[in-house]
Amino acid sequence: MSPAPRPVTTRNARFQQWQAMLANRTKRQRLGGFLVQGVRPITIALEHGWYAEAVLYDAERELSSWARQVLEDAGAPRYALSAELMAELGEKTEDVPELIVEMQMPRDDLSRIRVGRDFLGVAFDRPSSPGNLGSIIRSADAFGAAGVIVTGHAADPYDSAAVRASTGSLFATPTVRVSSPRDVLAWVRARREDGDPIQILGTDENGQAEVFDADLTGPTLLVIGNETSGLSTTWREAVDLMVSIPMTGSASSLNAANAASIVLYEATRQRLRS
């Protein structure tokens, strides 16, 4: 029998921890957890074996069959909250979520990303926008990338805006944070020594080749630069090829998430044709 739910009717210490997971990156990291809402993200997280620390639900409404099933299957402590408290944690005044799950953060270890002859990965250098980061994780998942690496002082993939923008792909595509591009380059060298000839591909409006002319059928790590300043010097010196995306309109550049999606699509197109 499942343990009885624990009522939360005030902004007690436990509730304040959940608030901190939403608003404070340092506390979120120290607590080792983050909040997830939405049918698709929660379902994908549980299907991929992510560990639920707690399941919060609206005690003032009749839950859907999906929500009742999650409460049974998650195997985590259950907390019954008032609609007002659920609205605060759901960051919504309307369409309050019926469930919110506190998920445990996985380790930041590059070994979580599988590398082989068909490897396709993304490194996002110092992203400043959680929304852009979440969108790139979503595109990486859509086009079969093995993982996303976030380098440097950057937006947090476990920020609520990034989690929402990924629409559940965060739980299907390993996403790893590292402090420096040098950590990734050491990992790439080790993979090359193991027989996986990973090429590092950068994007720039003045690239050496247009993306459609580059060979993306081999193991490839795509590096996307910061939304404002582009790729760091370390990454620029490390790339094997810099490609551009041809544009015919008045825009001189693309949003980072859009640029990543185009290159990932082209890599998938080439691989399917080959």
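As the structure is a prediction and not an experimental result, all values here were calculated from the model.

Parameters at a glance
- Residues numbered from 1 in each chain as written.
- Predicted model: local features only at pLDDT ≥ 70, side-chain atom pairs only at ≥ 80, totals over all residues.
- Heavy atoms only, no water.
- UniProt positions renumbered as here; feature names shortened; annotations may be inferred.
- Helix = DSSP H or I, 4+ residues; strand = E, 2+ residues; numbered from the N terminus.
- Axes fitted to C-alpha atoms, helices over the stretch in contact; angles between N-to-C directions.
- Parallel < 35°, antiparallel > 145°, perpendicular 65-115°, else oblique.
- Contact = heavy atoms within 4.5 Å.
- Nonpolar A, V, L, I, M, F, W, Y, C, P; charged D, E, K, R; others polar.
- Phe/Tyr/Trp six-rings, centres within 6.5 Å; stacked < 30°, edge-to-face > 60°.
- Buried < 20%, exposed > 50% of the residue type's maximum accessible area, 1.4 Å probe, protein only.
- Arc of directions from axis to C-beta.
- Pairing = 2+ DSSP bridges.

Moving on, we come to the UniProt feature "domain: SpoU L30e-like N-terminal" (unreviewed entry) in the chain. Sequence positions flagged by UniProt for "domain: SpoU L30e-like N-terminal" (unreviewed entry) are, in local numbering, residues 12–101. With 49% helix and 21% strand, residues 12–101 has its two end C-alpha atoms placed 18 Å apart.

Here we take up the packing of helix α1 (residues 13–23) against helix α5 (residues 83–90). The geometry of α1 relative to α5 is characterised by a closest axis approach of 10 Å and an angle of 25° between their N-to-C directions. Taken together, α1 and α5 sit at an angle that is classed as roughly parallel. For the pair α1 and α5, contact is made by Phe15, Trp18, Gln19 and Leu22 and by Leu85, Glu88 and Leu89, respectively. Looking at the contact of α1 with α5, its residues break down into 5 nonpolar, 1 polar and 1 charged.

On to the packing of aromatic side chains. Applying the stated rule across the entire model yields 7 aromatic pairs. Taking 5.1 Å as the distance between ring centres and 80° as the angle between the ring planes, the aromatic pair formed by Trp18 and Tyr79 counts as edge-to-face. In this pair, Trp18 sits in helix α1 while Tyr79 sits in strand β4 (residues 78–81), placing the two residues 61 residues apart along the sequence. The burial state of Trp18 is the same as that of Tyr79; both residues are buried. Both rings, one in Phe34 and one in Trp50, keep their centres 6.2 Å apart while their planes meet at 85°; by these two values the pair is edge-to-face. Here Phe34, found in strand β2 (residues 33–37), pairs with Trp50, found in the loop between α3 (39–47) and β3 (52–58); they are 16 residues apart in sequence, far enough to count as distant. As far as burial versus exposure is concerned, Phe34 and Trp50 are alike and both buried. Taken together, the ring pairs in this structure connect Phe34, Trp50, Tyr158 and Phe171 into an aromatic cluster.

Attention now moves to helix α4 (residues 65–73). Along α4, the residues classified as buried are Trp66, Ala67, Val70 and Leu71. End-on, the buried residues of α4 take up no more than an arc of 140°, which puts them together on one face. Across from the buried face of α4, at angles greater than 90 degrees, the exposed residues are Ser65 and Asp73. Looking one or two places after α4, you find Gly75, whose phi comes out positive at around 65°.

For the rest of this paragraph, the subject is the sheet that holds strand β9 (residues 199–203). Read across the sheet, 7 strands follow the order β8-β7-β6-β11-β9-β12-β10 without closing on themselves; strand pairing throughout is parallel. Strands with a single pairing partner mark the edges of an open sheet, and in this sheet they are β8 (175–178) and β10 (209–210). In the sheet, β9 pairs with strand β12 (residues 241–244) via 3 bridges, with the strands oriented parallel. By the bridge assignment for β12, Leu201 is matched with Leu241. Here helix α6 (residues 130–142) sits on the sheet and contacts β6 (120–125), β7 (147–151), β8 and β11 (220–224); the angle it forms with β6, its principal contact strand, is near 175°.

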